[in-house]
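# Topology and contacts: notes
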Amino acid sequence: MRRAQVYRWQIPMDAGVVLRERRLKTRDGLFVHLQQGEKQGWGEVSPLPGFSLESLDDAQAALLSWVNAWRDGASPVLPDVPSAAFGISCALTELDGTLPEAADYRAAPLCSGDPDELFAALAAMPGEKVAKVKVGLYEAVRDGMVVNLLLEAIPDLRLRLDANRAWTPLKAQQFAKYVNPVYRDRIAFMEEPCKTRDDSRAFAQETGIAIAWDESLREADFEFIAEPGVSAVVIKPTLTGSLDKVREQVAAAHALGLTAVISSSIESSLGLTQLARIAAWLTPNTIPGLDTLNLMQAQLVRRWPDNTLPLVDVEGLEPLL
Ligand SMILES: O=C(O)CCC(=O)C1=CC=C[C@@H](O)[C@@H]1C(=O)O
Ligand SMILES: [Mg+2]
């Protein structure tokens with residue numbers, strides 16, 4: 001017999017979380033819980049405002065109609081709504097045992113302001129030291145100095161940077177000017193430095209700093225091709241869609257010799273722990289970009305190991321069915 005439930009939830013965010021110039025006060029989303037006989041699976045459906053094209057209400061409608069059909073014994077196709085397709089495919093792969101339990105909890109520490117916070121996080125990081133720094137929020141010159149300072153102070157550090165397309169070519173050049181040329185190959189990649197892909201490509205050629213595509217993956221004309229200066233793609237499964245599509249994108253990247261980084265769309269602890277499992281499964285040699293749980297004030301249903309935020313369990317969620 002099949003049973004299913006859908007829960008809607010809301011978590012308060014830390015005060016300073018700003019996405020695409022909008023403050024994100026709460027993170028809102030859904031969970032799907034599927035049960036068949038003794039087996040069960042969970043999935044998270046939480047479109048990210050400013051990044052997902054669908055609203056939470058769109059995702060909820062798609063999820064509920066899929067769940068109702070599944071519960072009635074059908075094998076409905078996954079909805080054409082990325083966050084819903086992702087969450088449902090996680091629940092189905094937990095149910096049939098194809099999503100491995102082993103997880104990669106080595107999230108690359110994320111720094112969006114104060115570099116001093118990074119020193120502490122990196123000191124505690126065993127093995128490979130990789131961190132991600134948001135740039136483009138302050139003056140490009142300040143960003144360049146911060147990056148230089150970090151690379152100088154921690155000789156075995158590699159940085160991932162993310163400008164979220166904030167820069168004109170001139171600003172990007174101003175940034176690069178402050179990064180000592182001998183450190184530039186310790187920038188694993190810079191995600192989307194400029195407003196256009198062509199400007200970002202030119203930045204990579206002119207500065208020798210490798211770039212990565214993130215936003216571009218969701219554009220209709222994006223193609224997986226090997227290009228000089230491009231070293232990685234950032235795959236955010238909530239924005240991508242089903243796990244099959246995520247696997248296809250990872251395979252396409254790997255076939256071209258690109259690094260594929262499984263990354264957060266600011267999911268709850270439940271979704272993040274599943275992303276850590278997806279990363280261990282599909283990108284075992286790459287530290288995933290999952291250091292976003294501490295932007296929230298609570299964990300939901302499943303804990304991220306060693307995280308001390310309070311946990312809200314299933315009884316604290318609002319069932320919709
Ligand atoms: O990639 C990571 O290491 C963490 C996730 C992250 O940086 C982001 C998640 C969601 C939206 C953005 O603010 C940002 C990104 O653009 O990559
Ligand atoms: Mg990015």
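The structure contained in this document is the topic of the report that follows. Remember, predicted model here, so these are calculated numbers, not experimental data. (Residues numbered from 1 in each chain as written. Chains lettered and ligands numbered in written order. Predicted model: local features only at pLDDT ≥ 70, side-chain atom pairs only at ≥ 80, totals over all residues. Heavy atoms only, no water.)

## What to know about the pattern of salt bridges
Filter applied, for reference: For salt bridges, the criterion is a side-chain nitrogen of Lys or Arg within 4 Å of an Asp or Glu carboxyl oxygen. A helix here means a DSSP run of H or I that spans at least four residues, while a strand means a run of E at least two residues long, and both kinds are numbered starting from the N terminus. Partly exposed describes any residue whose relative accessible area lies between the buried limit of under 20% and the exposed limit of over 50%, with all areas from a 1.4 Å probe on protein chains only and scaled to the type maximum.
Counted according to the given criterion, the structure contains 17 salt bridges. Of the charged contacts in the structure, one is a salt bridge between Lys134 and Asp162, with a shortest N-O distance of 3.2 Å. Within this pair, whereas Lys134 is found in strand 7 (residues 129-134), its partner Asp162 is found in strand 8 (residues 157-162), the two being separated by 28 residues in sequence. The exposure class of Lys134 is partly exposed, given its relative accessible area of 23%. Residue Asp162 is classed as buried on the basis of its relative accessible area of 1%. Here Glu192 ties to Arg165 by a salt bridge, and the two come within 2.7 Å at their closest N and O atoms. Remark: Arg165 occurs in the loop between strand 8 and helix 5 (169-177) and Glu192 occurs in the loop between strand 9 (187-191) and helix 6 (197-207); sequence separation between them is 27 residues. Looking at Glu192, the relative accessible area reads 1%, which means it is buried.

## Some words on the site of ligand 1
Test applied: Neighbouring residues are identified by heavy atoms, a residue being near a molecule or strand if any of them is within 4 Å of it. As used in this structure description, the phrase polar contact means that two N or O atoms lie within 3.5 Å; if the pair is within protein, one of them must be able to donate a hydrogen and the other to accept it, and residues adjacent in sequence are counted only when both atoms belong to side chains.
Around ligand 1, a shell composed of 15 residues is seen, among which Lys132, Asp162, Asn164, Lys236 and Ser263 lie nearest. Between ligand 1 and Lys132, the relevant distance is 2.8 Å, taken from an oxygen atom to a side-chain nitrogen or oxygen of the residue. Between Glu191 and ligand 1, the recorded distance is 3.4 Å, taken from a side-chain N or O atom to an oxygen atom.

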